[in-house]
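# Remarks on the overall topology
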Amino acid sequence: MKAIVTVLGKDRVGIMSLVCGLLAQHNVNVLDISQTILQDYFTMVMLVDVSNCDLPFADLAALMEQEGKDRDLSIRAQREDIFNAMHRI
Amino acid sequence: MINANEIFDTIHMIDQQHLDVRTITMGISLLDCADSDPNAACRKIYDKITRQAEHLVATGEAIEREFGIPIVNKRLSVTPMALVAGASETNSYVPFAVAMDNAAKAVGVNFIGGFSALVQKGATKADRKLIASIPESLARTDLVCASVNVGSTKAGINMNAVGVMGRTIKECAQLTADQGGFGCAKLVVFCNAVEDNPFMAGAFHGVGEPDCIINVGVSGPGVVHHALKDVKGQPFDVVAETIKKTAFRVTRMGQLVAQEASRRLGVPFGIVDLSLAPTPAIGDSVARILEEMGLETCGTHGTTAALALLNDAVKKGGVMASSHVGGLSGAFIPVSEDEGMIAAARSGVLHLDKLEAMTCVCSVGLDMIAVPGDTSAATISAIIADEAAIGMVNSKTTAVRIIPAPGKVVGDTVEFGGLLGSAPVMPIHPQSAEAFVARGGRIPAPMQSLKN
C-alpha cells in the first residue's frame, strides 16, 4: 500500500533526517520526494510504500503526527487513495 | 503521481476549510424484532442494534486516521418504530425509545434516528401510540431522534396528523423547557420523507432497504465558499462550474469513505448523500456562500435564486462522483447550525417567510428555527402545512424542525451547543390559523400534469 507523507513547518536543520529516520525505523520505503522552501517554510511531499511497515498504518500516522507536534512541525501520513479519489477521474 | 499542489489543496480543505465527512450512518432493519411482549421486543431491538453496529465507531475512527479525513458523526437509523412496536401489547412506546437510546450509547454513536411513523394518508393504532409517546421519549432519552411523515406527492397531506404534530411539538418543548425546548431539535415533521437519509434528526431505515446498510453524508460549505472567492465578479456560468467541480471532489472523498466503511464492516454500501451541511463554526456556512455570490446579507432579494443555483450545482457535481446517490442531497439551511444564517436572522434580514421561499429550492425545509414560546400549536401546525404543501406540489422532500422556545420572545437566543448551535428567536405572524387547522381531514394529492 502507498501513502503520502506531507511535512510543513519552519525550516531548520534536521527535518529531512527526522522524517526519513522515522520511516526507516519502521521499514517504510521512500519512493519519491518533492521538497521546496516557501518563504522560510519547509514544504515536503513524499510518496512512500508502507506494505512492509512494522506498525498498523493508523499507528504510524499517529506517531508521525506526534513526533512532528513535539518539534512544531505538521507531519501527516495519509493513504494515497484519498488524493487519487479527489483529483483523478 | 499526484502533484504537490493537489496534495496541499486537499490538506488546506481539511485544515482551513472544514472539509469533512459529516456522517457515516448505519441503517438497521428492526422488522424482525417485533414481539407481542413489549419487553421481549425491546430486548431484541437492543441486541440487534448492538450486534450490527458493534464495530461502527471503531471502523469510522480507523478510516479517519488512515485517510486523514475527519468523520464528524457516526450514527444509526432504524426501521420506523411504529412498524416494529405495533405488534406489542402496550400503550406506551417510551420503553422502545429507551431501548434505542441504551443501544446507541452502548455502541458509542452520537444519534439514533427512527422513532418514526409514516402517516401521510392515515395513522394506524401503532402510529398514534408512537406519536403520543414522542414528547416523553425525547425528554427521557439523549440520543433518540423522532420523525413523522405527514404528507407526500402521491397521498396528499394528512391534516389530522398536521394538527396533532403542532400539539406534539408544543408538548416536546414544555417537557424539555429547562434545556430551551431541546426535545424539539430531535423531532422532524416531513413531507415526502426519504428512506435512506443519513442525516439527523430525520433519518430512518425504510422498509424497502436491506437488513443493514451504510449511508454516508458529505459536507463542505467552507470548501465551496473558498472556491467561489477565486471567481469574484464572474458570471453565474462560472459560479455553477466552480461549485460543480468542488462538489465533485468532496463527493469523491465521501464515496471512498463509504466504500471503505462498507468493505471493512461487511455491510452493503447504500448511498452518498450529496449535501452541504453547515456547522456553527466560522467558515462552514451555507449563508456565507450565498453572500459570496453578491448578496449583502443572506435573506435579502436574490437569496432564493442564489440558493437554487447552489443546490442544483452541488447535485450535478456530486452525481458523477458517486455510484449511488440518495438521501436528501442538496444544500441544508438550518438556522441555528449555520453561523451566517444566525447572523442574518439576528439582524432581522432573514425571516420566516423568506426561509419558506428558500425551502422551495433547497434540499429540506424550515430547519432548526426558534419561535416565541407562546406560539400556539395551531400556528405551528399551519407552518407545517405550508411547508408540506411546498414539498407535495414540487415533488420534493420538505421538513419542519421548529422550536417554540419556552419563555423566550423575539430577540432572545436559545443555546443548544455543539453542532446544533444557537437559534435566534424569530418573529411569526400573530394572526390565528386555528379554524384552518381545526378542519382536519386530508388535502388531496396534487395534479402531476398541467404544471404551471
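### So, the overall build of chain B
From N to C terminus, chain B includes 15 helices and 15 strands. The proportion of buried residues among the 452 residues of chain B is 60%. Nonlocal contacts in chain B, meaning residues at least 24 apart in sequence, comprise 80% of its contacts between residues at least 6 apart.

### What about the overall build of chain A?
Counting secondary structure elements, chain A contains 3 helices and 4 strands. From first element to last, N terminus to C terminus, chain A shows the α and β order β-α-β-β-α-β-α. C-alpha atoms of chain A, sized along the principal axes, occupy 30 × 30 × 20 Å. Put simply, chain A has 89 residues, and 29% of those count as buried. A fraction of 63% describes how many contacts in chain A between residues 6 or more apart in sequence connect residues 24 or more apart.

### Examining unusual backbone geometry
With an omega dihedral of 10°, the bond running from Met200(B) to Ala201(B) counts as a cis peptide bond. With respect to the secondary-structure elements, Ala201(B) resides in the loop between β6 (187-191) and β7 (212-218). Unusually for a residue other than glycine, Asp72(A) sits at a positive phi of about 65°. When you line up the elements, Asp72(A) lands in the loop between α2 (57-70) and β4 (74-79). When the 9 C-beta atoms within 10 Å are taken as the criterion, Asp72(A) is described as exposed. At Met368(B), a residue that is not glycine, the phi angle is positive and equals roughly 55°.

### Considerations on the packing of helix α2 (residues 38-52) of chain B against helix α5 (residues 94-107) of chain B
Residues and elements named next belong to chain B. Two elements in contact, α2 and α5, have axes whose closest approach is 9 Å; the angle formed by their N-to-C orientations is 25°. On the basis of their axis angle, the class for α2 and α5 is roughly parallel. In the crossing of α2 with α5, the sense of the turn from one axis to the other is right-handed. Along the contact surface, α2 presents Pro-38, Cys-42, Ile-45, Tyr-46, Ile-49 and Thr-50, while α5 presents Pro-95, Phe-96, Ala-99, Met-100, Asn-102, Ala-103, Ala-106 and Val-107. Tallied by class, residues from the contact of α2 with α5 come to 12 nonpolar, 2 polar and no charged.

### Some points on the environment of Val361(B)
All names here are of chain B. Its location among the elements puts Val-361 in the loop between α13 (352-359) and β11 (366-372). For Val-361, a count of 22 C-beta atoms within 10 Å translates into the label buried. Here the alpha-carbon distance between Val-361 and Glu-54, two residues 307 residues apart in the chain, equals 38 Å.

### Topic: the interface of chain A and chain B
The interface is formed by 20 residues belonging to chain A together with 17 residues belonging to chain B. Looking at the side of chain A that touches chain B, the elements that each hand over two or more residues are β1 (2-10), β2 (29-38), β3 (41-49), α2, β4 and α3 (81-87) of chain A. Here the element with the most residues in the side of chain A that touches chain B is α3(A); it accounts for 7 residues. Among the residues forming the side of chain A that touches chain B, the class breakdown is 11 nonpolar, 5 polar and 4 charged.

### Points about the pairing of strand β12 (residues 398-405) of chain B
Residue and element names in this part refer to chain B. Most of β12 sits out of view: 8 of its 8 residues are buried. Because side chains alternate across β12, one face comprises the buried residues Thr-398, Val-400, Ile-402 and Pro-404, and the other comprises Ala-399, Arg-401, Ile-403 and Ala-405, equally buried. Bridging between β6 and β12 involves 3 bridges; their strand directions are antiparallel. Paired with Val-189 across the two strands is Val-400, which belongs to β12. In terms of strand pairing, β11 meets β12 through 6 bridges, oriented parallel. If you follow Leu-366 over to β12, its bridge partner there is Val-400. Of the crossover connections in this fold, the one passing from β11 over helix α14 (residues 377-394) to the parallel β12 is right-handed.

### Some words on the nonpolar core
Residues and elements named next belong to chain B. In terms of nonpolar packing, the biggest core is built from 178 residues, with Met-100, Val-150, Val-257 and Ile-369 touching the most fellow members. Considering every element that reaches this core, the biggest residue donor is helix α9 (residues 236-265), with 11 residues. Not counting residues up to four positions away in its chain, the partners in contact with Ile-369 are Val-335, Leu-352, Leu-355, Ile-402, Ile-403, Ala-423 and Met-426.

### Considerations on the sheet that holds β4(A)
All names here are of chain A. Spatial strand order, β2-β3-β1-β4: 4 strands in an open sheet with antiparallel pairing. Taken across any chain shown, the strands that pair with only one partner, and hence form the sheet edges, are β2 and β4. Direction aside, the axes of adjacent strands within the sheet are offset by 15° on average. In terms of strand pairing, β1 meets β3 through 9 bridges, oriented antiparallel.

### Things to note about the packing of helix α8 (residues 221-229) of chain B against α9(B)
All names here are of chain B. Close contact between α8 and α9 brings their axes to 9 Å; oriented N to C, the two are set at 145°. Taken as a pair, α8 and α9 cross one another with a handedness that is right-handed. Across the interface between the two elements, Val-223, Val-224, Ala-227 and Leu-228 from α8 touch Val-239, Thr-242, Ile-243, Thr-246 and Val-250 from α9. Here the contact of α8 with α9 is built from residues that sort into 7 nonpolar, 2 polar and no charged.

### Topic: the environment of Asp312(B)
Residues and elements named next belong to chain B. Position of Asp-312 relative to the elements: it lies in helix α11 (residues 303-321). Asp-312 gets classed as partly exposed once you count the C-beta atoms within 10 Å, which come to 16. Along the backbone, Asp-312 and Val-21 are 291 residues apart, and their C-alpha atoms lie at a distance of 20 Å.

### Regarding α8(B)
All names here are of chain B. For α8, the tally of buried residues reaches 8 of 9 residues, placing the bulk of the element in the interior. Regarding α8, the residues found buried are Pro-221, Gly-222, Val-223, Val-224, His-225, His-226, Ala-227 and Leu-228. Considering only its buried residues, α8 is in contact with α1 (4-16), α9, β9 (275-276) and α10 (286-292).

### Quick look at the confidence of the model for chain B
Looking at chain B as a whole, the pLDDT averages 95, with 100% of positions reaching at least 70. Reported confidences for the modelled complex are a pTM of 0.93 and an ipTM of 0.87.

Calculation notes
- Residues numbered from 1 in each chain as written.
- Chains lettered and ligands numbered in written order.
- Predicted model: local features only at pLDDT ≥ 70, side-chain atom pairs only at ≥ 80, totals over all residues.
- Helix = DSSP H or I, 4+ residues; strand = E, 2+ residues; numbered from the N terminus.
- Buried ≥ 20, exposed ≤ 12 C-beta atoms within 10 Å, placed from the backbone.
- Contact = placed C-beta atoms within 7 Å.
- Axes fitted to C-alpha atoms, helices over the stretch in contact; angles between N-to-C directions.
- Parallel < 35°, antiparallel > 145°, perpendicular 65-115°, else oblique.
- Left-handed = near helix turned anticlockwise from the far one by under 90°.
- Nonpolar A, V, L, I, M, F, W, Y, C, P; charged D, E, K, R; others polar.
- Pairing = 2+ DSSP bridges.
- Right-handed = clockwise from strand over helix to strand, strands pointing away.
- Core = buried A, V, L, I, M, F, W, Y, C linked by C-beta atoms within 7 Å.
- pLDDT = per-residue confidence, 0-100.

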